[in-house]
Amino acid sequence: MKKIFISVPVKLLVLVVGALILLSAIFSYQSLSRLNQEFTQYQSDTLRKGHAQFTVQNNVLRQQRRIWLESFSDIVRLKEQQNFDVLAQEFSAQFDTLQMNQNVENVWLISDNNEQLYLSNPIPRFVQASIENVLELQQPEHSLFCQAQCVQLITVPVLNGKGDMAVVAMTVSLVDMIFDINQALENELAMVSFSQVDNPISTTNSVMTLKLADAQFISSTNTLLVSELFVASQKNFNNETIKTQGIEASVNDNSYLINLIPIANVNERYYYLALIDDVTAFTRKFQHNRQQFLIFTLVILIALAIVVHFVASPLTRRLLVLSDVLPLLAKKEFDRFRQTDLQRNGKYIDELDVLADAATELSFELEQLNIEVDQKTKELENIAMYDLLTGLPNRNMLNYQLRKALLNVSRSDGQIAVLFLDLDDFKKVNDSHGHTDGDKLLIQAANRLRSSIREIDMACRFGGDEFVVVLGHLDHENDAVLVAEEILEAFKAPIKIQNSLFYVSTSIGIAFAPEEMTKSEDLISYADIAMYEAKDDGGAKYHIYHEEMYKKVALRVMMESEVRQALAKNQFSLSLQPQLDAKTKKLYGFEALLRWQHPERGMVSPEDFIPLLENSQHMVELGYWVIRRCFELCQIFINKGLTDVRIAINLSAGQFADPHLTPYLIDLLAEFSLEASHFELELTEQTLVKNIDSAIEMMNGLRDVGFSFAIDDFGTGYSSLAYLKKMPVDVIKIDKSFVFGMLENRADYQIIMSTIAMVKNLGLQVIAEGVETSAQLRSLTENDCDIIQGYYFSKPIPEIQLMEFIDTKIVNGYWKVSAL
C-alpha cells in the first residue's frame with residue numbers, strides 16, 4: 001500500500017492548531033460550565049429563599065394567633081372561671097373585631113365532651129377532625145387547608161379554673177402572609193391548584209407531572225402577569241424538578257423563574273404557592289457574557305495560530321533540509337551528507353544547530369562503525385546470551401557471569417548467593433490452558449522476578465519453568481533470605497492471563513558460594529538440591545542448602561540404583577498380614593506389605609527406602625511389581641479354596657497419578673482371569689487431597705471395574721467429612737497410633753469411637769490396625785468395629801510361609817479359636 005507523504009511543517013501546524021483548539025475548547029467548556037453553575041446557583045438560592053420566607057411567615061402567623069388566644073384567655077380570666085360561658089360570650093362579642101384585625105374567618109369553641117359552646121359557622125369536617133386529635137393528644141395542632149381559598153387552621157386546647165378542657169379552633173386568612181412574603185422578596189405571588197384528574201400524566205412512585213396551563217388561580221398579587229405566564233407555558237414539568245430547579249418562563253421578552261411551594265393536598269387536588277421572580281436582567285447578562293466569551297476565544301485562537309505559524313516556519317524549513325539529507329547516512333553516503341551546509345549564519349545557536357553538529361559527527365562515527373561491524377558480525381552471531389521468550393539472560397549468560405563472579409569472590413566485598421526457583425504446579429497450567437498461556441505466564445513470572453531484585457543482581461531463565469538469580473556483594477546471608485522472601489511475596493498475587501487468574505507459587509533453593517569454589521555448575525546444583533527440598537516440603541517456600549541435603553540426594557541416587565538392581569535380582573518380596581472379622585473371626589483378607597532382603601544390609605525396613613523413593617519413577621515401577629505379585633498370590637488363594645478373600649494393595653501418590661494404572665489393572669484381571677472384587681486399593685489421605693477432582697475421577701473409573709477402596713492411616717492427615725462424603729471409598733482404616741493408646745488415653749479412645757460411629761453412619765466398613773491385646777479387641781468389637789488387623793492375631797507373614805499359615809491357622813475360612 002502506497003504511503004501518503006505529509007511534510008513536517010504541515011504536521012507541526014496541524015498539531016499546534018489542534019492543541020490550541022483543544023485547550024480553547026477545554027477552557028471554554030470550563031468557563032461556560034462556571035456561568036451555568038452561577039445561573040443554577042441563582043435559581044437554587046431564589047427557591048431556597050422562597051421556601052424559607054414561606055416557612056417563616058407561616059410560623060409567624062401561627063405564633064401571633066396562638067399568642068393572641070393565650071392573651072385573650074388571660075383577659076377573660078378563664079383560669080378563674082368554673083366553665084367556658086364567659087369565653088364563648090367574649091368570642092361572640094369580639095368576632096367582628098377578629099375578622100377585621102386578625103384576618104380570622106371562623107372561630108369554634110368545643111368542650112371535651114364535644115358540646116358546641118360557640119360556632120361562628122357550622123364546623124367543617126376537617127376542623128372537626130383536628131378538634132378530635134387535639135382532644136385525644138391534648139396538645140395544639142396547626143395545618144394549612146385549601147378549598148375555595150387557603151386558610152391556616154389553628155387548634156388549641158384551653159383549661160378553666162376547674163381543670164376542664166375545651167378546644168378553640170380558628171381559621172385565618174393567608175392574605176397578610178402573602179403580602180409579607182411579597183414585601184420581603186419583592187416577587188409576584190399567586191396561589192394556584194392542580195387537579196390530578198385534570199392531568200392525564202398523574203403521580204407515579206410519588207413523582208407527579210404538572211402542566212402550568214391547567215392551573216386554577218385562587219389569588220395573586222399580579223393577576224395579569226401570572227395568567228400570561230401560566231397560560232403561555234404548554235410544557236409538562238416534573239414536581240421533583242420544580243422543587244429543586246423551578247420553572248423558567250418568558251413573556252414579552254422578559255424572563256421569569258417560577259417556584260411552586262406545596263401547601264396542601266385535598267381531595268386529589270394539589271395547592272401551591274407560586275413565587276414569580278423576574279430574572280430578565282440576570283438572564284440577559286448571562287447570554288451577553290457567554291456570547292462575548294465565545295467571540296474572545298475565537299479571536300485568541302486565530303491570533304495564536306498565526307503567531308505559531310510565523311514562529312515555526314524557519315524551524316520547519318531547517319527540519320525539511322535535515323529530513324532530506326539524513327537518509328544519506330542510511331545509504332552510507334557519508335561524504336555526500338557532509339557536503340550539505342546544515343549550519344545557520346548567526347550569533348545564537350539552538351537545538352537544530354546542535355542536531356546538525358551531532359548529525360555531522362554521527363556521520364564520522366557511523367563510517368568508522370560500519371568498518372567494524374563487518375568484523376564483529378560473525379562474533380555477535382555466535383553469542384546467544386538471552387532467552388527469547390522472557391528477555392532474561394539464559395543459561396549461557398548465567399554460567400559466564402557466575403564463573404566471573406566466583407573467580408573474583410576473594411577480591412570483592414561480600415558473598416555470592418544463587419537462588420534456584422521452580423514454579424509450583426506450572427505443568428497444570430500448560431495441560432489445562434495450553435502452552436501459549438503457559439508462555440505468557442512465564443513472561444509475567446520473569447517480570448515479577450526482575451522487579452524483586454536489585455539492579456546489580458542477575459535473574460536468568462534456566463529452562464522450562466526454572467529460574468536462577470545470582471546475588472552479589474551480600475554483607476550477610478540474611479540478605480539473600482530477604483530477597484527470597486520478597487520473591488515469594490511477589491508470587492502470592494494471582495497472575496492474570498486474558499480472562500483467567502492463575503495462582504502460581506514458587507519453591508526456592510538458596511546456596512552460598514564458599515571462597516574456594518570455582519565451578520558455577522556446583523553452586524547451581526546445590527541451589528537446585530535445596531529447591532527440591534523446599535518443593536518436597538510443600539512448596540511456596542525457600543530452603544538453604546547444607547551438607548545433609550547433598551548426602552540425602554546421594555542416598556536417594558544410590559537407593560534408586562539399588563532398587564533397580566533389586567527388582568532385577570528378585571530381592572523384593574511380600575509379607576501379608578491377615579485381617580479378620582471382629583465378631584465372627586472369619587478371614588476377611590490380607591494387607592500386602594513390601595519387604596526388601598538386601599544381600600549386604602539384610603532386611604531393609606520400608607521406612608528406610610519408601611520415603612526416599614516416594615516421588616520417583618522407581619517407586620512407580622516397584623509398585624507395579626507389587627500389584628502383579630498380589631494377583632499371583634490371589635490366584636493361589638483361590639486355588640486353595642479361599643474364594644472370598646481380598647488383598648489390600650497400598651498405592652503411592654505417584655502410582656495413583658500414573659495414567660497407565662487403570663489399563664495395567666484391567667490387563668492383569670484378564671491375564672489371571674480374576675474378579676476385581678478380590679482387591680482393595682489403599683490410599684493415604686495425603687494422596688487423595690492433592691487433587692480431589694482428579695482422584696474422584698480415577699476412583700470412579702476403577703470402582704466401575706469392580707475394585708474397592710480403603711483410606712489408610714485415617715485421622716493422621718487431612719481427615720475431613722467433606723472429602724469423605726465425596727470420595728467413593730468402601731473402607732476406613734484407623735491408624736495404629738490411635739489403637740496403641742486407646743485404653744490408656746481417653747482422647748485416643750474418643751477419636752476411635754467417634755470415627756467408628758461416623759464411618760458406620762456413612763455406610764462404610766472400619767478396619768482397626770495395630771490391635772495387640774484382647775482388651776483392645778474386646779473394646780473395638782463392642783463398639784461395632786468391623787475388621788481387626790494386628791499382632792494380636794498375627795504378624796505380617798512372609799509369602800514363603802503363607803501356605804503353612806493358612807493350613808495351621810485357618811479352617812473353612814475362619815480363624816482357629818484354639819490358636820488365640
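These figures come from a predicted structure and were not determined experimentally.

**Quick word on the sheet that holds strand β1 (residues 104-111)**
And then number 1: Read from one edge to the other, the open sheet built from 5 strands follows the order β2-β1-β5-β4-β3, with strand pairing classed as antiparallel. Either end of the sheet is taken by a strand with one partner, and the two such strands are β2 (116-119) and β3 (141-146). With strand direction ignored, the average angle separating the axes of adjacent strands in the sheet is 15 degrees.
And then number 2: As paired elements, β3 and strand β4 (residues 150-159) share 6 bridges and run antiparallel to each other. Looking at β4, one finds that Phe145 is bridged to Val151.
And then number 3: The sheet strands contacting helix α2 (residues 85-101) are β1, β2, β4 and β5 (165-173), and the helix crosses β1 at an angle near 170 degrees.

**Structural notes on the state of the cysteines**
And then number 1: Under the definition given, this model contains 1 disulfide.
And then number 2: Across the disulfide, Cys146 is cross-linked to Cys150 (sulfur-sulfur distance 1.9 Å). Residues Cys146 and Cys150 are joined by a disulfide whose S-S torsion is about 115 degrees; by sign, that bridge is right-handed. The same class applies to Cys146 as to Cys150, namely buried.
And then number 3: For Cys634, which is in no disulfide, the shortest distance to another cysteine sulfur is to Cys630 and amounts to 9.0 Å.
And then number 4: Classification of Cys634 as buried rests on a relative accessible area of 1%.

**Things to note about the packing of aromatic side chains**
And then number 1: Under the counting rule described, the total for this entry stands at 13 aromatic pairs.
And then number 2: Relative to Trp815, the ring of Phe793 has its centre 5.5 Å away and its plane inclined at 75 degrees; by these criteria the two rings are edge-to-face. With Phe793 in the loop between β28 (787-788) and β29 (797-798) and Trp815 in strand β31 (residues 814-815), this pair connects stretches of sequence that are 22 residues apart. This pair shows no difference in class: Phe793 is buried, exactly as Trp815 is.
And then number 3: Cluster of aromatic residues (ring-pair linked, three or more members): Phe631, Phe672, Phe679 and Phe707.
And then number 4: Across the ring face of Phe462, the terminal group of Arg395 is positioned such that the distance to the ring centre comes to 3.9 Å.

**Topic: helix α13 (residues 477-490)**
And then number 1: Relative to the 20 Å expected for 14 residues at 1.5 Å per residue, α13 spans 21 Å between its end C-alpha atoms, a close match to the ideal helical length.
And then number 2: Those residues of α13 lying buried are Ala480, Val481, Val483, Ala484, Ile487 and Leu488. Each buried residue of α13 sits inside an arc of 160 degrees when the element is viewed along its axis, so together they form one side.
And then number 3: Its buried side turned inward, α13 meets β13 (415-423), α12 (426-451), β15 (466-474), β18 (506-512) and β19 (542-544).

Rules used in this analysis
- Residues numbered from 1 in each chain as written.
- Predicted model: local features only at pLDDT ≥ 70, side-chain atom pairs only at ≥ 80, totals over all residues.
- Heavy atoms only, no water.
- Pairing = 2+ DSSP bridges.
- Helix = DSSP H or I, 4+ residues; strand = E, 2+ residues; numbered from the N terminus.
- Axes fitted to C-alpha atoms, helices over the stretch in contact; angles between N-to-C directions.
- Contact = heavy atoms within 4.5 Å.
- Disulfide = S-S within 2.5 Å.
- Buried < 20%, exposed > 50% of the residue type's maximum accessible area, 1.4 Å probe, protein only.
- Phe/Tyr/Trp six-rings, centres within 6.5 Å; stacked < 30°, edge-to-face > 60°.
- Lys NZ or Arg CZ within 6 Å of the ring centre and 35° of its normal.
- Expected span 1.5 Å × (residues − 1).
- Arc of directions from axis to C-beta.

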